[in-house]
Structure formats: structure tokens, C-alpha cells
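Report on the structure
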Amino acid sequence: MVVKANPSTRSSRIRKLLYGILIFLLMVWAWPMTNDIIVRRVSVALSACLDPIDDNVKSEFRLRDLGGNESLFKVTILIASHETTGYRPDWLRSIVKTYTSDDYKGVIDQVIVIWNNPEEPPPVLEGANVLRMKENSLNNRWIAPISLVKTEAVMMLDNDLMVDRAGIACMLRWWNAYPDRLIGPYVRYFGTDGRYNYREMFYTKAEYKVVLPRSMMFHKKFLRLYSEIPQSIKDYVTKTHCDDMVMNCVASSATGKPPLRIQLPKSSIVDYFALCFKSNRAKTGGVSLISGWSRNRGECTYFIQKHFGFPLKTTDEVGECYGLEATSGPQCRVDYQRWGAMFSGATCSDVTSSS
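These remarks concern the structure in this document. Note that this is a predicted model, so its numbers are computed, not measured. (Residues numbered from 1 in each chain as written. Predicted model: local features only at pLDDT ≥ 70, side-chain atom pairs only at ≥ 80, totals over all residues. Heavy atoms only, no water.)

**Overview of the overall build of the protein**
A count of helical and extended segments in the protein gives 13 helices and 13 strands. Here the analysis covers contacts within the protein between residues at least 6 apart in sequence; of these, 78% occur between residues at least 24 apart. Surface exposure of the protein reaches about 16700 Å², of which carbon and sulfur atoms provide 53%. (Helix = DSSP H or I, 4+ residues; strand = E, 2+ residues; numbered from the N terminus. Contact = heavy atoms within 4.5 Å. Areas by Shrake-Rupley, 256 points an atom, 1.4 Å probe, with all protein chains shown as cover.)

In C-alpha cells, the structure reads:
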């Protein structure tokens, strides 16, 4: 059961009384349950109803206060890469160096890099577990690391984006509240023909159907479910790069639930691609810059949905974080001033080497 925030305005006294009653009922409700269930259900209710927590409270400490299963409060980072030229090798090194530093030990269990270039060796990535693939296929990032993941939470990232510690802690909080949903800040909506309409980028209240793995957190069980899709779909993915659509359909088919869009804390995202593609498209690279990508994307979106029986659910919910870790309940509007503030104010020269 999810207790959602009441949108009506109430006096402070009435609110405090209601919160007190709510906490009492939660204690009665949770008492007979096992530790993990208490953690999950109390996390949901507190996320949805209580006022923001003090920004100075450290995120991972707050999370551990809710229960004793530390595997719920750390995440395994998965990054697929294959480029040996341009900006991306340096970006990958920078991301791995940051995520394997002491500052991130409280939220990251390990970093796994899926190296999708069978012809060239990967760059030196100290601290990361590098898996070398025999074929360049985006299926690999969902299937190859399955046996190595020890945490329940998994975070898939592109090699041109980094989410900082506060952003990861925010996503972990929401994932703990909704472990059966794919969550992340990048979402898309498309019509029955598979074509994007990008409403989610321009309207404060906008529906969406999928979360993109530019930054996606999910339960590790979905990796296994992805691995079980027919070989014909895996072959199709290798040709079309539609693995993200497959994962969204896999999750929705298994749970019947939509994804959840997350508005992360201020300056928590460094989007290398957005910072650099206008000034140097060649060195920035990326699948979305390939000629004909938009048309092919629409075709594969429709094809994958049709294969799975059009399972994707539409929603307009947005989970928000304030400060390091505190959350409010799912809303149905995006605050675009805070949404824009998620992104770092860096420039391309800040995130590229002088060479």
C-alpha cells in the first residue's frame, strides 16, 4: 500500500495531528512483519507523507536507520562502453575514478564495466570489474554481469553521464519504496506508432511510458528476466540498439506497473553529452547522433512493444528529492526550475582533457 501526499492545504496543527496518527498506525501495522517488509513499507509511507528531512543528515546513515539489510542501501553500477577515441574514454575513466573513491563507498558496492569492443583493449579502469565481450551488443550490459551483482539494487548508466552521491542516494530511497518499478530521471512518451512526442520535456504535467537507462535503477531480478527473452529479440537488439525498450517491456510485463520518473537534487547530474555535442559532435559520439536514428527508433519501439503485447503502462508520477536524501510523495507535476537545477553548471571544457 502506498500512502500518497494529500494535495489540499491544511493548517500546521491539523497536519501534525494527522502525522502523529499515521506514525502510530504504521507502528501497529508493521509490528508483526519481518525486518525487510518493515523497511520497505515504512520507507514508502514516510517518503509520501512526511516533511523533508534536514539536508545536513547524511543519506546513507538515514537509510540504515530504517533497517539492518545493507544490501538494500547500496547499488551496483553497470556501464557499457566500447569507444577508444574521442571524449568518451576520458569520461569513462573519470566516472570510474569517482565511483570507486572513498566518498562513494556508502552508496556503491561495485562498478562493473561491460567492454563491448572485441577488437581493442579497454582503458585502464582501476577499481572497476571490467568484463570483455566477444561481440558488440547492448544485450551484454543486461546479461553479462548477472552472476557478479551482489546488491538488490542495480544502476545502469551510459558512459557519457554521471550522477553524484546525493543523486544516487535519492534514487536508492525511491527504489526502496518502489522496488518493482524502473526508476530514473530520463523518461519518454510515444504514440501507438512508436514515435516520440517529447511532451515530458516541455510540459509541467506530462505522461510517459518508459525510463531510459542513461540513468536507471532497478531490481537485479530484471537482469535475469532480460536474459530469458527469445534469441530472435536479442539478435534484433544487436542490430537496432533497442535494449532499453526491451527492459521496460520486460519489467512491465512481469509486474504490471509503470516506471517512475525521479527529480534529483540540485547539480546532481553531469551530462557530458549535453555539454559537448554542440561544440564537437565527432568527439562526443553517441547512438542518437547516427543518421536516421529517430526513424529507426520509432520502428524498433513499435516492434518491441508488439512482441511483448503492448505491456507498457502510462503514468505522470514524479518522485522528488530535497537536499541529500529526503523525499516527498509522488506528484503529477514537474517543477521545471528545480528540474533544470538537477544538471551541473559545468562546460564542455570542464569535462574534457586539454589534449
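**Points about empty space enclosed by the protein**
Inspection of every chain in the model, using the stated rule, returns one cavity of 30 Å³ or more. Estimates place the volume of the largest cavity at around 70 Å³. Lining the largest cavity, in full, are Asp180, Arg181, Leu182, Lys209, Asn248, Ala251, Ser252, Thr255, Lys257, Pro258, Pro259 and Leu312. Of the residues belonging to the lining of the largest cavity, the class tally is five nonpolar, three polar and four charged. (1 Å grid on protein atoms, 1.4 Å probe; cavity = no way out; pocket = protein on both sides within 12 Å on 5 of 7 lines; lining within 4 Å. Points joined across faces, edges and corners; volume = space filled by probe spheres on them. Nonpolar A, V, L, I, M, F, W, Y, C, P; charged D, E, K, R; others polar.)

**What to know about helix 4 (residues 88–99)**
Residues lying three or four places apart along an α-helix face the same way, a consequence of the helix completing one turn every 3.6 residues. Look at helix 4: 16 Å from first C-alpha to last across twelve residues, which is about the 16 Å you get at 1.5 Å a residue. Taken together, the buried positions of helix 4 are Arg88, Pro89, Trp91, Leu92, Ile95, Val96 and Tyr99. One side of helix 4 holds all its buried residues, which, seen down the axis, span an arc of 160°. (Expected span 1.5 Å × (residues − 1). Buried < 20%, exposed > 50% of the residue type's maximum accessible area, 1.4 Å probe, protein only. Arc of directions from axis to C-beta.)

**What about the packing of aromatic side chains?**
Under the counting rule described, the total for this entry stands at ten aromatic pairs. With centroids separated by 5.7 Å and ring planes inclined at 25°, the aromatic side chains of tryptophan 142 and tyrosine 226 adopt a geometry described as stacked. In this pair, tryptophan 142 is assigned in helix 5 (residues 140–143) and tyrosine 226 in helix 7 (residues 221–227), connecting sequence segments 84 residues apart. Across the pair, tyrosine 226 and tryptophan 142 agree in class, each one buried. For the ring pair tryptophan 174 and tyrosine 178, a centre distance of 5.9 Å and an interplane angle of 10° mean the geometry is stacked. Residue classification places tyrosine 178 among the buried residues on the basis of a relative accessible area of 8%. A connected cluster of aromatic rings, assembled from ring pairs, spans Tyr87, Trp91 and Tyr272. (Phe/Tyr/Trp six-rings, centres within 6.5 Å; stacked < 30°, edge-to-face > 60°.)

**Things to note about the state of the cysteines**
Put plainly, two cysteines are in a disulfide when a covalent bond ties their sulfur atoms together. Applying the stated criterion across every chain, the model contains three disulfides. A sulfur-sulfur separation of 1.8 Å characterises the disulfide bridge that pairs cysteine 170 with cysteine 321. Torsion about the S-S bond of the cysteine 170 and cysteine 321 cystine: about 85°, corresponding to right-handed handedness. You can see cysteine 170 sitting in helix 6 (residues 165–177) and its partner cysteine 321 sitting in strand 12 (residues 318–322), a full 151 residues away along the chain. Neither cysteine 170 nor cysteine 321 differs from the other in exposure class; each is buried. Here cysteine 242 connects covalently by a disulfide to cysteine 300, the sulfurs 1.7 Å from one another. Here cysteine 242 and cysteine 300 share a disulfide; its torsion about the S-S bond, 55°, makes the bridge right-handed. Of the two residues, cysteine 242 sits in the loop between helix 8 (231–240) and helix 9 (243–255) while cysteine 300 sits in helix 12 (residues 293–308), which places them 58 residues apart along the sequence. For the residue pair cysteine 242 and cysteine 300, the accessibility class agrees, reading buried in each case. When the bonded cysteines of the protein are counted from the start of the sequence, the pairing works out to 1-5, 2-4, 3-6. (Disulfide = S-S within 2.5 Å.)

**Examining the nonpolar core**
Formed by 82 residues in total, the largest nonpolar core has its most connected members in Tyr99 and Ile168. Those residues in contact with tyrosine 99 that sit more than four places away from it in its chain are Ile77, Tyr104, Ile108, Val111, Leu157, Met162, Val163 and Ile168. (Core = buried A, V, L, I, M, F, W, Y, C linked by side-chain atoms within 4.5 Å.)

**Things to note about the pairing of strand 1 (residues 75–81)**
Of all the seven residues making up strand 1, seven are buried; the element is thus mostly covered by neighbouring parts of the structure. Where burial is concerned, the two faces of strand 1 agree: the one with Val75, Ile77, Ile79 and Ser81 and the one with Thr76, Leu78 and Ala80 are both buried. Bridge count between strand 1 and strand 2 (residues 108–115): seven bridges; the pairing is parallel. Within the sheet, the bridge partner assigned to serine 81 lies in strand 2 and is tryptophan 115. As for the winding sense of the linkage, the β-α-β connection from strand 1 through helix 4 to strand 2 is right-handed. Pairing between strand 1 and strand 4 (residues 153–157): five bridges, direction parallel. Along strand 4, the bridge assignment pairs leucine 78 with methionine 156. (Pairing = 2+ DSSP bridges. Right-handed = clockwise from strand over helix to strand, strands pointing away.)

**Some remarks on the environment of asparagine 139**
Here asparagine 139 shows up in the loop between strand 3 (129–132) and helix 5. Between the C-alpha atoms of asparagine 139 and aspartate 243, which are 104 residues apart in sequence, the distance is 6.4 Å. Beyond its immediate chain neighbours, meaning those up to four positions away, asparagine 139 contacts Tyr226, Lys234, Val237 and Thr238. Polar side-chain contacts of asparagine 139 include one of 2.7 Å to the backbone oxygen of lysine 234. (Polar contact = N/O pair within 3.5 Å; in protein donor to acceptor, adjacent residues only side chain to side chain.)

**Side note on the environment of arginine 165**
Assignment of secondary structure puts arginine 165 in helix 6. Considering only alpha carbons, one finds arginine 165 and isoleucine 269, 104 residues apart in sequence, at a separation of 9.8 Å. From its side chain, arginine 165 meets the backbone oxygen of aspartate 103 in a polar contact 3.1 Å long.

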